[in-house]
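Descriptive analysis of the structure
Here's the letter readout for the chains.
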Amino acid sequence: MKKIILMIFLMLAAFFLIDGKVVRMPELLDPNTLMADSDRLYIADGTTIYIYSLSDFSLQKKFGREGEGPQEFKEKIYTLGIQGEHLTVNSVSKLSFFTKGGTFVDVKRPLPQTIRFKPLKEKFTGVGLVVDVDQKTLFRTIDIYDAELKKEKEIARLEHEVQPGKGVKIFHGTLSAAVSGNTIFSSGAKHFVIHVYNEKGEKTLIIHRKYQRRKVTARDKNRLIEHLQTSPETREYYEILKPVQFAAYYPAIRELFAADGKLYALTWKSTAGETECYIFDFTGKLLDTVFLPVRSRDVVDFLPLTIHGGKLYQLVEDESREEWELHVTDI
């Protein structure tokens, strides 16, 4: 009888561990991106990729290490994507192709300054850097690339926050892009505006809403300056980055996700630890406005997250246990 009770308890514990929205992942060290398809969850942790079953979150395979070889990655992995039957892995200076199960297929080497490739049917989108010689200004761009990673068209640009000799501008805009099938959704303006493009780079729709943007407070500025001074990525360059110039208001849109025929626009507004999210269909019709329990890594970036199948998946570190957890939330 005691064994039966124990078995029932363990089954219920496993049930609540998954359906109760938290799955422990002690094998992870410092994950930076994740994505999901119909069957699997993919997580990039440094130069290692973990593949989990999406049904029970059991670990199916892990592969990758630091190096220059075909199944090795240099420094870090920027993005993961699904193109047909292939998993795409964008790491420093190259784009690698694997089966969805993690078997190596091919590798392509893009331009060094191009990062964050995302599949666009047979093509790709990517984030690049462009110097306007006449304006003496550096821009971030969103570009379309063909199957061989040759640039076809620039569709969006935003002045880079760091301009040589001019300091750093904070919260003047957030360049974000989401892709679904052969459709690109892009935001970069201060206001609530989303531009929609087809795979040829032709603009097909503009989604815009009247929106009261969040004010940048003195506390926000102090937190951001502290971040710049202490972050491993910026602390060595802080003195070079000055002067730090803040916008009066945050941009309307912080990040975009496209999944399951819906567009999710996360904003900079939050309350009680939850982030505001506008949900549209692909025609631009507003379906809902919700607050989601999205956690931030710091004052700028979210912890790794993705949206799939009507669920929010996010990796959160339990600092007391020094262990990463997957939090699953129904939207």
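Bear in mind that the values here come from a model prediction, so they are computed numbers and not experimental data.

**So, the side chain of Asp146**
Considering the arrangement of structural elements, one finds Asp146 in the loop between strand 12 (137-145) and strand 13 (151-159). The buried charged residue Asp146 lacks any salt bridge partner; its closest oppositely charged side chain belongs to Lys150, at an N-O distance of 5.7 Å. Side-chain polar atoms of Asp146 contact the backbone nitrogen of Lys150, separated by 2.9 Å. Apart from the residues lying within four places of it in its own chain, the contact partners of Asp146 are Lys123, Phe124 and Glu152.

**With respect to empty space enclosed by the protein**
For the structure shown, the criterion picks out one cavity of 30 Å³ or more. Residue lining of the largest cavity: Gly67, Glu68, Lys74, Val92, Ser93, Lys94 and Arg109, and that is the complete set. A per-class count over the lining of the largest cavity returns one nonpolar, two polar and four charged.

**Re the environment of Leu41**
Locating Leu41 in the fold gives a position in strand 3 (residues 40-45). Spatially, the C-alpha atoms of Leu41 and Tyr313 are 9.4 Å apart, while their sequence positions differ by 272 residues. In contact with Leu41, other than residues within four places in its own chain, are Met25, Leu34, Met35, Ala36, Tyr50, Ile51, Tyr52, Leu54, Phe57 and Leu326.

**Some thoughts on the pairing of strand 1 (residues 22-25)**
Residues of strand 1 alternate between two faces, with Val23 and Met25 buried on one and Val22 and Arg24 left unburied on the opposite face. Sheet analysis places strand 1 next to strand 27 (residues 323-330), joined by four bridges and oriented antiparallel. Looking at strand 27, one finds that Val22 is bridged to His327.

**Topic: the layout of surface pockets**
The calculated volume of the second largest pocket comes to roughly 310 Å³. Residue lining of the second largest pocket: 19 residues in total, with Arg214, Arg223, Arg254, Ser270 and Ser296 positioned closest to the centre. Listed by contribution, the elements that provide at least two residues to the lining of the second largest pocket are helix 2 (218-230), strand 22 (262-271) and strand 23 (274-281). Top element by residues in the lining of the second largest pocket is strand 22. It accounts for four residues.

**Examining the packing of aromatic side chains**
Pairs of aromatic rings are described using the distance from one ring centre to the other and the angle between the two planes. Taken as a whole and assessed by the stated rule, the structure comprises 16 aromatic pairs. Between Tyr278 and Phe280 the ring centres are 6.4 Å apart and the planes differ by 15°, which places this aromatic pair in the stacked class. With respect to class, Tyr278 is no different from Phe280; both count as buried. Site record: aromatic cluster; members linked through ring pairs are Phe63, Phe73, Phe98 and Phe104. Over the aromatic face of Tyr211 sits the side chain of Lys269, whose NZ or CZ is 4.4 Å from the ring centroid.

**Here we look at the confidence of the model for the protein chain**
Do not read the predicted coordinates in detail wherever pLDDT is low. Here the protein chain averages 90 in pLDDT, and 94% of its residues register 70 or above. Taken as a whole, residues 2-20 scores under 50 in pLDDT and shows seven contacts with residues more than four places along the chain or in a different chain.

About the cut-offs
Residues numbered from 1 in each chain as written. Predicted model: local features only at pLDDT ≥ 70, side-chain atom pairs only at ≥ 80, totals over all residues. Heavy atoms only, no water. Helix = DSSP H or I, 4+ residues; strand = E, 2+ residues; numbered from the N terminus. Buried < 20%, exposed > 50% of the residue type's maximum accessible area, 1.4 Å probe, protein only. Lys, Arg positive; Asp, Glu negative; His and termini not counted. Salt bridge = Lys/Arg side-chain N within 4 Å of Asp/Glu carboxyl O. Polar contact = N/O pair within 3.5 Å; in protein donor to acceptor, adjacent residues only side chain to side chain. Contact = heavy atoms within 4.5 Å. 1 Å grid on protein atoms, 1.4 Å probe; cavity = no way out; pocket = protein on both sides within 12 Å on 5 of 7 lines; lining within 4 Å. Points joined across faces, edges and corners; volume = space filled by probe spheres on them. Nonpolar A, V, L, I, M, F, W, Y, C, P; charged D, E, K, R; others polar. Pairing = 2+ DSSP bridges. Phe/Tyr/Trp six-rings, centres within 6.5 Å; stacked < 30°, edge-to-face > 60°. Lys NZ or Arg CZ within 6 Å of the ring centre and 35° of its normal. pLDDT = per-residue confidence, 0-100.

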